[in-house]
Amino acid sequence: QVQLVVSGGGLVQAGGSLRLSCAVSGRTFSRYALGWFRQAPGKERELVGISWSGGSAYYTDSVAGRFTISRDNAKNTVYLQMNSLKPEDTAVYYCAAKDEGYFSGPYYQESSYDYWGQGTQVTVSS
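Enquirer: How should the environment of serine 53 be read in this particular structure?
Expert: Here serine 53 lies in the loop between strand 5 (46-51) and strand 6 (57-59). Looking at serine 53, the relative accessible area reads 31%, which means it is partly exposed. Separated by 36 residues in sequence, serine 53 and serine 17 place their C-alpha atoms 25 Å apart. Engagement of the side chain of serine 53 in a polar contact is seen with the side chain of glutamate 100, the distance being 2.5 Å.

Have a look at this one:
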């Protein structure tokens, strides 16, 4: 079906940049919305942003203007470019795919997503 592999996590200093990649295996990539989520220690997992196959994107207020989601459809890869990183951005980041062909729940709800990557740790030092 669909398999997601996340890469690009690591340790960066505050104010720095990092780009996460979510490589999607399968032939249905264009039919899926790709959501980015993160979970910080002691906190619930939260939505970071969403990329739809039609080109639209959404970002939560806390990252809007700093994070950008882009797609390289030829490579079946979705990127999360993170700029001006803050210590508050420290979390495990996940990518998840949701089939756009049917309604499984609202896009902002993590339970609506069909496939999940393994997650990657992003640590932003002060």
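Enquirer: Would you mind going over the sheet that holds strand 8 (residues 77-82) with me for this structure?
Expert: Backbone hydrogen bonds are what pair the strands of a sheet, in a parallel or an antiparallel way. Strand order in the open sheet formed by four strands is 1-3-8-7, with antiparallel pairing between adjacent strands. Of all the strands in the sheet, just strand 1 (3-7) and strand 7 (67-72) have a single pairing partner and so form its edges. Direction aside, the axes of adjacent strands within the sheet are offset by 20° on average. Across five bridges, strand 1 lies against strand 3 (residues 18-25) in antiparallel orientation. Each bridged residue has a counterpart across the sheet, and for serine 7 the counterpart in strand 3 is serine 21.

Enquirer: Just checking my understanding: could you explain the side chain of aspartate 99 for this structure?
Expert: Relative to the helices and strands, aspartate 99 is located in strand 9 (residues 91-99). Among all residues touching aspartate 99, those that are not within four sequence positions of it are Arg31, Tyr32 and Asp114.

Enquirer: Help me understand the environment of alanine 57 in this model?
Expert: When you line up the elements, alanine 57 lands in strand 6. Classification of alanine 57 by relative accessible area gives partly exposed; the value is 41%. When the C-alpha positions of alanine 57 and isoleucine 69 are compared, they lie 7.2 Å apart, and in sequence the two are twelve residues distant. The contacts of alanine 57, once residues within four sequence positions are left out, are Ile50 and Trp52.

Enquirer: For this particular structure, what's the right way to read the pairing of strand 4 (residues 32-39)?
Expert: Sheet faces and side chains relate simply in a regular strand, where the side chains alternate between the two faces. Of all eight residues that make up strand 4, seven are buried, and the element is covered over most of its length. Sheet topology note: the strand 4/strand 9 ladder contains eight bridges and is antiparallel. Within the sheet, the bridge partner assigned to glycine 35 lies in strand 9 and is alanine 96. Across five bridges, strand 4 lies against strand 5 in antiparallel orientation. Each residue of the ladder has a partner; that of arginine 38, found in strand 5, is glutamate 46. Counting the residues that bridge the hairpin from strand 4 to strand 5 gives six residues, and of these glycine 42 lies at a positive phi of roughly 80°.

Enquirer: Honestly, the pattern of salt bridges in this entry has me stumped. Any pointers?
Expert: When their charged atoms lie close together, side chains carrying opposite charge are able to pair. A complete count under the given rule lists four salt bridges for this structure. The salt bridge partner of arginine 38 is aspartate 89, with a shortest N-O separation of 2.9 Å. Residue arginine 38 is found in strand 4, and its partner aspartate 89 is found in the loop between strand 8 and strand 9; the two are separated by 51 residues along the sequence. The class of arginine 38 is buried, set by a relative accessible area of 5%. Since its relative accessible area comes to 2%, aspartate 89 is described here as buried. Look at the salt bridges and you will find they share partners, linking Arg38, Glu46, Arg66 and Asp89 into a network.

Reading the values: rules and limits
- Residues numbered from 1 in each chain as written.
- Predicted model: local features only at pLDDT ≥ 70, side-chain atom pairs only at ≥ 80, totals over all residues.
- Heavy atoms only, no water.
- Helix = DSSP H or I, 4+ residues; strand = E, 2+ residues; numbered from the N terminus.
- Buried < 20%, exposed > 50% of the residue type's maximum accessible area, 1.4 Å probe, protein only.
- Polar contact = N/O pair within 3.5 Å; in protein donor to acceptor, adjacent residues only side chain to side chain.
- Pairing = 2+ DSSP bridges.
- Axes fitted to C-alpha atoms, helices over the stretch in contact; angles between N-to-C directions.
- Contact = heavy atoms within 4.5 Å.
- Salt bridge = Lys/Arg side-chain N within 4 Å of Asp/Glu carboxyl O.

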